[in-house]
Amino acid sequence: MEPDASIETSSMIRVAVLPIAGIPPLLFRDYAAMLLRHHTVSLNSISSFYTEHQKSPFANQPWESGSLRFKFILGGSPPSPWEDFQSNRKILAVIGICHCPSSPDLRSVANQFAAACKSYSSSLVQRCFAFCPGDSQLEEESNKGSNLVLFPPADRQTQEFHLQTMVQDIAASLLMEFEKWVLQAESGGTIFKTPLDSQASLSSEEVIKAKKRRLGRAQKTIGDYCLLAGSPVDANAHYSTALELTRLTADFFWYAGAMEGSVCALLVDHMGQKDPVLEDEVKYRYNSVILHYRKSFIQDNAQRVSPLSFELEATLKLARFLCRRELAKEVVELLTAAADGATSLIDASDKLVVYVEIARLFGALGYHRKAAFFSRQVAQLYLQQDNKLAATSAMQVLAMTTKAYRVQSRASSEPASDAGQSYADGGKMHHHSIVSLFESQWSTLQMVVLREILLSAVRAGDPLAAWSAAARLLRSYYPLITPAGQNGLASALANAAERLPLGTRCGDPALPFVRLHSFPLHSSQIDIVKRNPAREDWWVGSAPSGPFIYTPFSKGEPTHNNKQELTWVVGEPVQVLVELANPCGFEVMVESIYLSVQSRNLDAFPVSVSLPPNSSKVITLSGIPTKDGPVSIPGCIVHCFGVITEHFFKDVDNLLIGATQGLVLSDPFRSCGAAKLKNAHVPNISVVPPLPLLVSHIVGGDGSVMLYEGEIRDVWISLANAGTVPVQEAHISLSGKNQDCVVSVASDTLKSALPLKPGAEVTICVTLKAWQLGVMDADAAASKGVPGTSGKQVKDGSSPMLLIHYAGPTTNPGKLQMGSVPAPGRRLVIPLNICVLQGLSFVKARLLSMEIPAHIGETYTKLVKSRSDGTAQENGSERSDRFMKIDPYRGSWGLRFLELELSNPTDVVFETSVSVEIENPINKESLSDRTCAEFGDPKTRIDRDYTARVLIPLEHFKLPVLDGSFLTKGSQMDGITGGRSSSFSEKNIKAELNASIKNLISRIKVRWQSGRNSSGELDIKDAIQAALQASVMDVLLPDPLTFGFRLAKSSSNNSANLNPPKQADMQVYCASGGSIIAHDMTPMEVLVRNNTRETIKINLSVTCKDVAGENCIEGDKATVLWEGVLTGIIMEIPPLQEIRHIFSLYFLIPGEYTMSAAAVIDDANEVLRARARTNSSDEPIFCRGPPFHVRVNGTA
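Parameters and conventions
Throughout this document, residue positions are counted from 1 along each chain, in the order its sequence is written. Under the rules for a predicted model, residues below a pLDDT of 70 receive no local features and side-chain atom pairs below 80 are neither given nor counted, while totals for whole chains, interfaces and linings still include all residues. Note: side-chain values were computed over all heavy atoms of the structure, leaving out hydrogens and water. For helices the rule is a DSSP run of H or I covering at least 4 residues; for strands it is a run of E covering at least 2, with both sets numbered from the N terminus onward. Whether a residue is buried, partly exposed or exposed follows from its accessible area with a 1.4 Å probe, protein chains only, as a fraction of its type maximum: under 20%, in between, or over 50%, in that order. Only heavy atoms matter for contacts: two residues are in contact if any of them lie within 4.5 Å across the pair. Only the protein chains shown count as cover for residues, and all accessible areas are computed by the Shrake-Rupley method using a 1.4 Å probe. Between any two strands, at least two bridges found by DSSP are needed for them to pair. A fitted line through C-alpha atoms represents every axis, and for helices the fit uses only the stretch in contact; the resulting angles, taken between N-to-C directions, go from 0 to 180 degrees. In this text, buried Ala, Val, Leu, Ile, Met, Phe, Trp, Tyr and Cys residues form a nonpolar core when linked through side-chain atoms within 4.5 Å. Here a Phe, Tyr or Trp ring, Trp counted by its six-membered ring, pairs with any other such ring whose centre lies within 6.5 Å, and the pair is stacked when the planes are under 30 degrees apart, edge-to-face when over 60, and tilted otherwise. One speaks of a salt bridge when a side-chain nitrogen belonging to Lys or Arg is within 4 Å of a carboxyl oxygen belonging to Asp or Glu. Helix span is expected to be 1.5 Å times the residue number reduced by one. Here, two cysteine sulfur atoms that lie within 2.5 Å of each other are counted as a disulfide. Angle categories: roughly parallel below 35 degrees, roughly antiparallel above 145, roughly perpendicular from 65 to 115, and oblique for all the rest. Handedness of a crossing is defined here by the sense of rotation of the near helix relative to the far one, left-handed for an anticlockwise turn of less than a right angle and right-handed for a clockwise turn. Think of it as three bins: nonpolar holds Ala, Val, Leu, Ile, Met, Phe, Trp, Tyr, Cys and Pro, charged holds Asp, Glu, Lys and Arg, and polar takes everything else, Gly as well. You can read pLDDT as the predictor saying how much it trusts each residue, on a scale of 0 to 100.

1. Points about the overall build of the chain
- Within the chain one finds 30 helices and 51 strands.
- Each of the 1196 residues in the chain was classed as buried or not, and the buried ones make up 49%.
- For the chain, restricting intrachain contacts to residue pairs at least 6 apart in sequence, the fraction spanning at least 24 positions comes to 78%.
- Of the accessible surface of the chain, which amounts to about 56900 Å², a share of 52% is contributed by carbon and sulfur atoms.

2. Things to note about the environment of S108
- Counting through the fold element by element, S108 comes out in helix 2 (residues 106-117).
- Sequence separation of S108 and I20 is 88 residues, and the distance between their C-alpha atoms is 10.0 Å.

3. Let's talk about the sheet that holds strand 26 (residues 800-807)
- Here four strands make up an open sheet; going across it, the order is 9-27-26-23 and the pairing antiparallel. With partners counted over all chains shown, the strands left at the sheet margins are strand 9 (527-529) and strand 23 (729-736), one partner each. Across this sheet, the average inter-strand angle for adjacent strands is 30°, counted without regard to direction.

4. Some details on the nonpolar core
- One finds F129, W467, W568 and F641 to be the most contacted residues of the largest nonpolar core, which totals 186 residues.
- Setting aside residues up to four positions removed in sequence, F641 forms contacts with W467, A490, L493, A497, A510, L511, F586 and V588.
- Grouped together as the second largest cluster of nonpolar side chains are 37 residues, L1047, V1086, I1113 and V1190 included.

5. Section: the packing of aromatic side chains
- With the rule as written, the count across this model stands at 29 aromatic pairs.
- Aromatic pair F70 and F72: ring centres 5.8 Å apart, planes at 25°, arrangement stacked.
- By relative accessible area, which is 6% here, F70 ends up buried.

6. Describing unusual backbone geometry
- In this model, L511 is joined to P512 through a cis peptide bond whose omega is 0°.
- Along the chain, P512 falls in the loop between strand 7 (505-506) and strand 8 (513-518).
- Cis rather than trans, the peptide bond between L754 and P755 has omega equal to -5°.
- Considering the arrangement of structural elements, one finds P755 in the loop between helix 22 (747-752) and strand 25 (761-769).
- In the Ramachandran plot, A21 falls in the positive-phi region, its phi being about 60° despite a non-glycine side chain.

7. What about the pattern of salt bridges?
- Summed over the entire model, instances satisfying the criterion amount to 38 salt bridges.
- Salt-bridge contacts for K180 lead to E177; the nearest nitrogen and oxygen are separated by 3.8 Å. With K180 and E177 both in helix 4 (residues 156-187), this residue pair falls three residues apart, about one helical turn.
- On the basis of relative accessible area, E177 is assigned to the partly exposed category, the value being 23%.
- Residues R472 and D508 are paired through a salt bridge, measuring 3.7 Å at the closest nitrogen-oxygen approach. In this pair, R472 sits in helix 18 (residues 463-477) while D508 sits in the loop between strand 7 and strand 8, placing the two residues 36 residues apart along the sequence. Neither R472 nor D508 differs from the other in exposure class; each is buried.
- Each of the salt bridges in this network shares a partner with another, and the network as a whole consists of E2, R14, R89, E260, E313 and K317.

8. Some points on the environment of Q54
- Here Q54 shows up in the loop between strand 2 (40-42) and strand 3 (67-74).
- For Q54, a relative accessible area of 46% translates into the label partly exposed.

9. Here's the deal with the pairing of strand 49 (residues 1151-1161)
- Pairing between strand 45 (residues 1096-1105) and strand 49: eight bridges, direction antiparallel. Looking at strand 49, one finds that T1103 is bridged to S1156.
- Here five bridges tie strand 49 to strand 51 (residues 1188-1193), and the two strands are oriented antiparallel to one another. In the sheet register, E1152 faces strand 51, and the bridge partner there is R1191.

10. Some thoughts on helix 10 (residues 328-342)
- End to end, helix 10 covers 21 Å across 15 residues, agreeing with the expected 21 Å (1.5 Å per residue, within 8%).
- Burial in helix 10 covers these residues: A328, V331, V332, L334, L335, A338, A339, G341 and A342.
- In this structure, the buried residues of helix 10 make contact with helix 9 (308-322), helix 11 (348-365) and helix 12 (368-383).

11. Focus: the side chain of K220
- Within the secondary structure layout, K220 lies in helix 5 (residues 204-228).
- Residue classification places K220 among the buried positions, given a relative accessible area of 1%.
- Residues within four places of K220 in sequence aside, it is in contact with F85, Q86, Y239, A242, W254, G257 and A258.

12. Here's the deal with helix 11
- Helix length check: helix 11 (18 residues) gives 26 Å between terminal C-alpha atoms against 26 Å at 1.5 Å per residue, within 8%.
- If you check which residues of helix 11 are buried, you get D350, L352, V353, V354, Y355, E357, I358, A359, L361, F362 and L365.
- Its buried side turned inward, helix 11 meets helix 9, helix 10 and helix 12.

13. Some points on the state of the cysteines
- Applying the stated criterion across every chain yields a total of zero disulfides.
- Summary of cysteine pairing: C584 is not part of a disulfide, and the nearest cysteine sulfur, belonging to C672, is at 8.4 Å.
- Exposure remark for C584: the relative accessible area of 0% places this residue in the buried category.

14. Considerations on the packing of helix 11 against helix 12
- Where helix 11 contacts helix 12, the two axes come as close as 8 Å, and the packing angle between them is 160°. Relative to helix 12, the element helix 11 is oriented roughly antiparallel. You can see that helix 11 and helix 12 cross each other, and the crossing is left-handed. Contact with helix 11, carried on its side by A348, K351, L352, Y355, V356, I358, A359, F362 and G363, involves H368, K370, A371, F374, S375, Q377, V378, L381 and Y382 of helix 12 and no other residues of that element.
- Here the contact of helix 11 with helix 12 is built from residues that sort into 12 nonpolar, four polar and two charged.

15. With respect to the sheet that holds strand 16 (residues 629-631)
- Taken together, the three strands give an open sheet; going across it, the order is 10-19-16, and neighbouring strands pair in mixed fashion. Looking at strand neighbours, the two that pair on one side only are strand 10 (565-569) and strand 16, the edges of this open sheet. When strand polarity is set aside, the average angle formed by the axes of neighbouring strands in this sheet is 35°.
- By the bridge criterion, five bridges tie strand 10 to strand 19 (residues 684-688) in an arrangement that is parallel. Of the residues in strand 19, the one forming a bridge with E565 is N684.

16. Thoughts on the confidence of the model for the chain
- Scored by pLDDT, the chain comes out at a mean of 79, with 78% of its residues at no less than 70.
- Considering each helix and strand of the chain separately, the mean pLDDT is smallest for strand 31 (residues 864-866), with a value of 35, and largest for strand 14 (residues 607-611), with 95.
- Segment residues 1051-1055: pLDDT under 50, and seven contacts once partners within four positions in sequence are set aside and those in other chains are kept.
- Note on residues 1060-1073: pLDDT is under 50 here. Beyond four places in sequence and across chains, it has 37 contacts.

17. Quick word on the pairing of strand 20 (residues 694-698)
- The side-chain alternation of strand 20 yields one buried face, formed by L694, S696 and I698, and one unburied face, formed by V695 and H697.
- Relative to strand 22 (residues 712-721), strand 20 runs antiparallel, the two sharing five bridges. Residue pairing in the sheet places V695 in a bridge with A720 of strand 22.

18. Overview of the packing of helix 6 (residues 232-248) against helix 7 (residues 252-269)
- At their nearest, the axes of helix 6 and helix 7 sit 9 Å apart, and the two run at 160° to each other. As summarised for this structure, helix 6 and helix 7 are arranged roughly antiparallel, according to the angle between their axes. Judged by the twist between their axes, the crossing of helix 6 over helix 7 is left-handed. Residues P232, V233, A235, N236, Y239, A242, L243, T246 and R247 of helix 6 pack against W254, Y255, A258, M259, G261, S262, A265, V268 and D269 of helix 7.

19. Some points on the side chain of T1119
- Within the secondary structure, T1119 sits in the loop between strand 45 and strand 46 (1120-1123).
- We classify T1119 as buried; its relative accessible area is 18%.
- With near-sequence residues (within four places) excluded, T1119 lies in contact with C1112, Y1146, F1147, L1148, I1149 and Y1153.

Put into structure tokens, the structure is as follows:
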């Protein structure tokens, strides 16, 4: 049997093409390729070469439409024993090809060609084509008249034209030889035999039978030559005669051959026509051919020769003719019959051809699995031969089956462009794609196929194919292979690698399994921020680089791109985390592994790693971008088992998806004990040109700054430009919690250092003040800390962060092209790691006040004098009781202290000092104009585990005017007229006076120091607020009326006098006058001031009491006489004015007396009622002034 047999094969002329005189193989293939193009020569083109010596036996030769068809056989073929039966099996022409520069002796070439032609006795025409002869070879006379044809040096087109002419000459010569042979066959008595007829000695009966059959066989052979000569009509006539004669002589074998020839003549005559009737005729005749081949079977010859091969060949020819989808059922039946018959073939080569043809036809129908099955049968036949060429053929045949069995090599299954694709659709694959890739029910068969490929590759001496098969077998089916088998495959990989040159690459990866783990988040020092050139604050609204789902620094704008973006910078190292898994029972040594970068703009750094049996490991792969643009990282390049392979992340992702759906045998990572990892997708990575890079460190160490509560400390931060581009602009801001603890940042220092060139460094100062720990923080810290040092801040994320947004120069400053994107900027995040320790703690705080009655006499006139400029001044440079002063609103000496009880729970000693800003009012009605002086009291030491009380003296801070505006808001908000409550009014007063309280608190500083370097400020705002909260009304708001006494200069005028309000007078009221002597009429005056903005009508009364508290003016035992009116004094006081009432006293007994004044306010307005905390509109308001001491001296 012969491969590639078809019905039209009977019309093809076989031509042997032989290399002559050691022509180089490449040149022989080149010239042979030129020759193979001329496999069909039209009869019309050879008419000029054809000479009719006698009348042609081909009476119906189609000169206009016919053609001769050649089948060139490179290297020739041995003669067939069936040449008499089928003339197309004969080698009818021999063409030799030689290269003249390689063979200068043309006579030797001619002799070698003649010797080669002797092997082909059936050849009718011989030609030797000699290409590129030299000038001397062209001039040799000995070449003339021989079969040597010289092709002078010329261009390709000229040589092809010359070759075409020579082929036409050969075709004409063959046609003339066919005519001669037919004429001789018709007149001669040639006996045609086949191996079915050949015996050692023919008996007389066999000779007689052969003579009877000779005519029929001769007609069949003449028909074969007519068919080869391109005359199907003449061939059909001879085949018809042969059919009649062979049928009469029961020569079934030749009858089938004649029938097969007639079908070929029919198809050649109807070349290119698609006719159902013709198709049915072909099927009918070929079924008859198959039947008669079967009838020609002789049991006696079964062990020696059998016509079964012709029966199967006819079956395959019919199947090839019918091979298309519409007739798949009939074709399958024919191929199945051929496969069954192939088992009875004696010759292994015939069986090989049958399986090859069956596999091809099944493949043409699209039945790839059936084709793969018969291809494996072909490979088995090759493997039965113990030679290298057969093993190579088996390996090649098995390689063609790998696609059907889903075990194909990556190099043959994927184009290079597809193999390197990254996650085009986010790394997702459709379900049907996964099913097509993994079919676990085929596992055993797939393993068998790969083992056969491995065996054939080892026999063929192809180490790369052997390595590839072993890698696929080990990687895909390790769960089904025993540990001993796994070690055997590892040895096969090592043995194959030893025979390969260093640096060999293979498209099929072995172990380990490699999957993408993650892209490490950008360090806070290298965050990249998109730049908005339209805004001065170009970083606002831009999220930093890196695969963040959320970042506290962004504005929270929604993203419209599902795929994350990552930005890398040229020249700055980058990292990618990958996970390796070795699920087998032997150690895997990875000689090198590095990132695979198809964009060629990243230099990847290789690392080596060892994986113990059944283990996994996460490693870091790094590289440096070299050029801006997008980066594609589809996988890793791995050098393992002596071969370099590329591992794609998407392959392992598909494998893991198949494992979750039960389509794959096992998950290699889970079997190694690795944690379940969500598929990490490769983000859109882009590389930008070089950017500046600020690197920060805290001078003195980057650890936490240990601060006690309220401690103030300067922290120095060094900033260095580690990039290759200068820092052109920089902006400092704060983020995070407790931003108030950053008192100041020396941003001017940084801006003055711009542009900060590469390698330059600048140091900025940040002033910090530790915040107060909350109750929960202090308790939690105390429970975890050591006694005496408790109070450490335990909550994470409570420290503020310093944000520095900086950028380098733009490409064209101010002239960005349309559509161009400016170079991005960067954000440096410097966490101010502040660890707050509990310091001094408050136990309680309270407000202490004391009143000392003022003395009316000569002694105290020197204490406070009136200056010409209207300010009060103390006599004497220093006084220890500088906080004890006359209350201008009550006329008495007043002292106020804020007492703080402090506890020291730490293991260090604290020293506290009080610093107060003294306020000297210039105008009572204005709190904005003031002069301040600051001074400190002696320090108070508080040892560990001790408490101490610190007194903070408070100067007078009452408001100058009791204004109704403090209560109007409460009146407007209350809808019930006359039903306003004092508590509600008081609440509004507190809200209005909040600013005054804050002003007071801001002027009091309690500072502490511990050791040589720790110092801070105590937060007393809450303590003062709590201490003042209960008495805020009494403390801050003045009384409606202020009373005062002084010695009068003259007692002649007892009427009330109106004086304008002056600060100096109010201070002198309490401290002016001379000495008082008993038994002497002493003129005095009482002064009443209206502190409101409305006129007040009062009923004034004055009393005088002795040291026992008894009234010494009224009663039978009165010791003081008076002149004037002391009770029932009716007067009206204008707003913010004062009135004097003069009277005289006559003291009978020397001693200490106390003077006091009181008044009843009639028709009080709502301001006065709110200040007096009364709800009744009819109830009078009673105001009492402070007592004044009077010292009466006796007479000498």
